[in-house]
Amino acid sequence: MALIIIIGAQWGDEGKGKIIDYLSKKSEYVIRFHGGNNAGHTVINSYGKFTMHLIPSGIFNKSSKAIIANGVVVDLEVLVEEINTLEEHGIKVKNRLFISPRCHLIMSYHKILDLLLEKEKGSAKIGTTGRGIGPCYADKVSYNGIRIGDLLDKKVFSEKLKIQLTIKNKILQALGATMLSQKDIEKELFSLLDKVRPFVIEPFSIIYSALQNKKNILLEGAQGTFLDNDWGTYPFVTASTTLTGGTNAGAGIHPNQLSKIIGVAKAYTTRVGEGPFPTELLDSTGEKIRTEGSEFGATTGRPRRCGWFDIELLKFAAKINGFTEIAITKLDILDSFPEIKIATHYTLNGKKVNYFDGDSNFLSKVKPVYKTLKGWKESIKGIKKYKDLPLNAKNYLKEIEKLVGIKIKYISTGVKRNEIIKT
Ligand code: GDP
Ligand code: IMO
Ligand code: MG
């Protein structure tokens with residue numbers, strides 16, 4: 001098994017949590033390397049149902065260690081809540097969770113600014129999760145960030161916070177918001193730190209020695225390829241690198257060390273937030289997908305926009321991430337559809353065009369060209385063997401495989417850990 005990375009092949013919420021929970025049975029380390037609590041990874045196993053925002057979804061496997069590596073931005077309040085929830089459910093976290101001191105802190109002003117900036121933009125808003133992700137990463141890259149390691153030394157933290165509050169309060173005031181007090185922020189964060197301190201340790205040597213000893217490691221990608229800050233549908237993206245290459249900066253793991261790169265895609269397409277979505281269905285079929293698939297955000301509860309499967313997107317995701325295999329999730333959601341469409345490519349003004357030919361404005365104008373396949377009209381929920389799938393479900397999967405040219409290794413047929421086919 002060695003080093004496997006899981007990457008969202010669409011706009012997030014592909015069911016990465018489910019696949020990670022399944023694969024972590026065999027992994028000794030599970031690592032988050034980017035994003036923050038904008039992620040919501042649903043895991044349903046013998047412990048119950050959980051939405052993991054920060055702690056790697058592999059924490060449910062008793063023999064796995066969970067690492068929040070340096071590329072992740074951390075809201076301490078959310079982290080402490082997550083630790084408490086796990087402990088309440090009898091999942092031991094002590095000596096199993098490691099958090100890099102290099103992780104940047106999501107501060108209260110980041111969350112306020114996230115919401116204020118969205119409001120100021122009006123109809124040009126991004127539709128962020130409002131968790132302070134963009135402003136936190138912006139501070140990181142503009143040398144204004146405060147890291148968990150800074151918090152370990154109260155004097156260092158107070159000095160850094162003082163400088164930031166001088167700047168941030170000017171911005172907040174200009175935007176008509178209430179100014180923040182150093183005392184209040186310190187009080188809150190110092191008390192949260194007491195709970196988190198035992199887990200803060202530089203994980204590089206742990207990761208490095210695990211790699212040298214050929215341990216089984218899972219890298220848990222968050223968000224999805226088309227939310228990548230460079231290659232996604234900018235500006236309707238997130239603030240981090242969501243692609244395979246993000247592991248180098250985000251966890252100190254270089255691409256050459258990866259043994260498998262698994263792209264996770266839903267059997268149809270969804271997106272939360274604003275931005276172009278060529279195969280979006282604004283009709284009753286889209287509504288049916290949303291209802292059947294319970295397509296409401298795991299983090300914000302917002303209804304997800306729904307549409308048919310988009311081969312052009314998966315092809316691009318496969319190229320840019322170097323997928324070695326694909327996992328298709330939520331195939332069971334299509335059980336009752338008499339016909340299922342696949343967008344095979346895009347055209348613009350009658351000419352074939354690629355995803356990467358243009359920007360978001362360009363993508364909002366392309367026309368998807370569909371191939372219609374027959375549905376299977378029977379329940380495949382919980383099927384564990386490929387041979388037990390109806391012919392039309394096999395044909396649908398074969399069509400995707402043929403068009404993308406990459407093996408579908410996993411087919412998820414339900415929410416639970418064991419409702420999956422390994423081909
Ligand atoms: P993630 O962010 O990629 O981990 O995905 P989310 O957890 O945000 O959203 C995926 C949703 O689909 C969750 O509610 C999962 O429980 C659910 N899910 C995952 N795989 C399957 C599947 O194969 N079938 C069904 N019915 N639901 C699934
Ligand atoms: P998981 O890991 C789906 C989207 C937001 C918004 C854009 C920017 O669960 O797949 P942000 O708060 O990151 O600044 O918002 O990115 N977004 C996600 N959409 N799944 C996610 O994570 C997402 N994380 C961010 O909806 O459009
Ligand atoms: Mg999610």
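This is a predicted model, so every value here is computed, not measured. (Residues numbered from 1 in each chain as written. Chains lettered and ligands numbered in written order. Predicted model: local features only at pLDDT ≥ 70, side-chain atom pairs only at ≥ 80, totals over all residues. Heavy atoms only, no water.)

Overview of the sheet that holds strand β10 (residues 260–266)
The strand order β7-β5-β2-β9-β1-β10-β14-β18-β19 describes an open sheet built from nine strands, whose pairing is mixed. Across the chains shown, the open sheet's two edge strands, defined by having one partner strand only, are β7 (97–99) and β19 (420–422). Within this sheet the neighbouring strands show an average axis-to-axis angle of 20°, counted without direction. (Pairing = 2+ DSSP bridges. Helix = DSSP H or I, 4+ residues; strand = E, 2+ residues; numbered from the N terminus. Axes fitted to C-alpha atoms, helices over the stretch in contact; angles between N-to-C directions.)

Comments concerning the coordination of the magnesium ion (ligand 3)
Summarising the metal site, the magnesium ion (ligand 3) is bound by the protein donors D13 (OD) and G40 (O), whose distances to it range over 2.0 to 2.2 Å. With D13 in the loop between β1 (3–8) and α1 (16–23) and G40 in the loop between β2 (29–32) and β3 (41–45), this residue pair connects regions lying 27 residues apart in the sequence. The exposure class assigned to D13 is partly exposed, which follows from its relative accessible area of 21%. Judged by its relative accessible area of 10%, G40 falls in the buried class. (Donors = N, O, S within 2.8 Å, 3.2 Å for Na, K, Ca; no water. Buried < 20%, exposed > 50% of the residue type's maximum accessible area, 1.4 Å probe, protein only.)

Details of the pattern of salt bridges
Enumeration according to the criterion identifies 21 salt bridges in this entry. Among the salt bridges present, the one from D13 reaches R304, with a minimum N-O distance of 3.0 Å. Taken together, the residues D13 in the loop between β1 and α1 and R304 in the loop between α10 (284–292) and β12 (305–307) connect sequence positions 291 residues apart. Salt bridges sharing partners connect three or more residues here, namely D13, K266, E295, R304 and K330. (Salt bridge = Lys/Arg side-chain N within 4 Å of Asp/Glu carboxyl O.)

Describing the site of ligand 2
For ligand 2, the set of nearby residues contains 21 residues, the closest of which are D13, K16, H41, T129 and T238. Within the side chain of T129, one N or O atom sits 2.5 Å away from an oxygen atom of ligand 2. The contact in question runs from an oxygen atom of ligand 2 to an N or O atom on the backbone of V272, over 3.1 Å. Computed on the free molecule, ligand 2 has an accessible area of 550 Å², of which 98% lies beneath the protein chains in the complex. Residues of the shell around ligand 2, tallied by class, amount to eight nonpolar, ten polar and three charged. (Near = heavy atom within 4 Å. Polar contact = N/O pair within 3.5 Å; in protein donor to acceptor, adjacent residues only side chain to side chain. Areas by Shrake-Rupley, 256 points an atom, 1.4 Å probe, with all protein chains shown as cover. Nonpolar A, V, L, I, M, F, W, Y, C, P; charged D, E, K, R; others polar.)

Considerations on the domain arrangement of the chain
Assigned domains within the chain: domain 1 (3–100 + 201–260), domain 2 (104–196) and domain 3 (265–422). For domain 1 and domain 3, the distance between their C-alpha centroids amounts to 23 Å. Opposite the 37 residues of domain 1 that make contact, domain 3 presents 39 residues. Of the roughly 3100 Å² buried between domain 1 and domain 3, counting both surfaces, carbon and sulfur atoms make up 61%. Considering only the side of domain 1, the residues that lose the most area to domain 3 are Q10, W11 and K18, jointly responsible for 23% of the buried surface there. Joining domain 1 to domain 3, the criterion identifies two salt bridges. Summed over the shared surface of domain 1 and domain 3, the number is 19 residue pairs in polar contact (both at pLDDT 80 or more). (Domains from an automatic or database assignment. Contact = heavy atoms within 4.5 Å. Buried area = accessible area lost by both parts, 1.4 Å probe.)

A closer look at the packing of aromatic side chains
To describe a pair of aromatic rings, one takes the distance between the centres and the angle between the planes. For the structure on display, the rule yields 14 aromatic pairs. Their ring planes at 55° and their centres at 5.3 Å tell us that W11 and F277 sit as a pair that is tilted. Here W11 is found in the loop between β1 and α1, whereas its partner F277 is found in the loop between β11 (269–271) and α10, with 266 residues between them in sequence. A centroid spacing of 5.9 Å and a plane angle of 45° characterise the contact between W231 and F316, whose relative ring orientation is tilted. With W231 in the loop between β9 (217–220) and α9 (246–251) and F316 in helix α11 (residues 311–321), the pair connects residues that are 85 residues apart, well separated along the chain. Using a relative accessible area of 43% as the deciding quantity, one classes W231 as partly exposed. Looking at F316, the relative accessible area reads 6%, which means it is buried. Each member of the aromatic cluster is reached from another via a ring pair, and the members are W11, F226, W231, F277, F316, Y355 and F356. For K154, the ring lying beneath its charged end belongs to F190, and the centroid distance is 4.7 Å. K341 extends its terminal NZ or CZ atom over the ring of Y370, reaching a point 5.7 Å from the ring centre. (Phe/Tyr/Trp six-rings, centres within 6.5 Å; stacked < 30°, edge-to-face > 60°. Lys NZ or Arg CZ within 6 Å of the ring centre and 35° of its normal.)

Structural notes on the site of ligand 1
Around ligand 1, the structure places 18 residues, and the nearest of them are K16, G17, T42, D332 and S412. Within the side chain of D13, a nitrogen or oxygen atom sits 2.9 Å from an oxygen atom of ligand 1. Within the side chain of D332, a nitrogen or oxygen atom sits 2.8 Å from a nitrogen atom of ligand 1. Within the complex, 92% of the 590 Å² of free accessible area of ligand 1 lies under protein. Those elements that provide at least two residues to the shell around ligand 1 are α1 and β3. In terms of residue class, the shell around ligand 1 is made up of three nonpolar, eight polar and seven charged. Both domains that furnish three or more residues to the shell around ligand 1 are identified here as domain 1 (3–100 + 201–260) and domain 3 (265–422).

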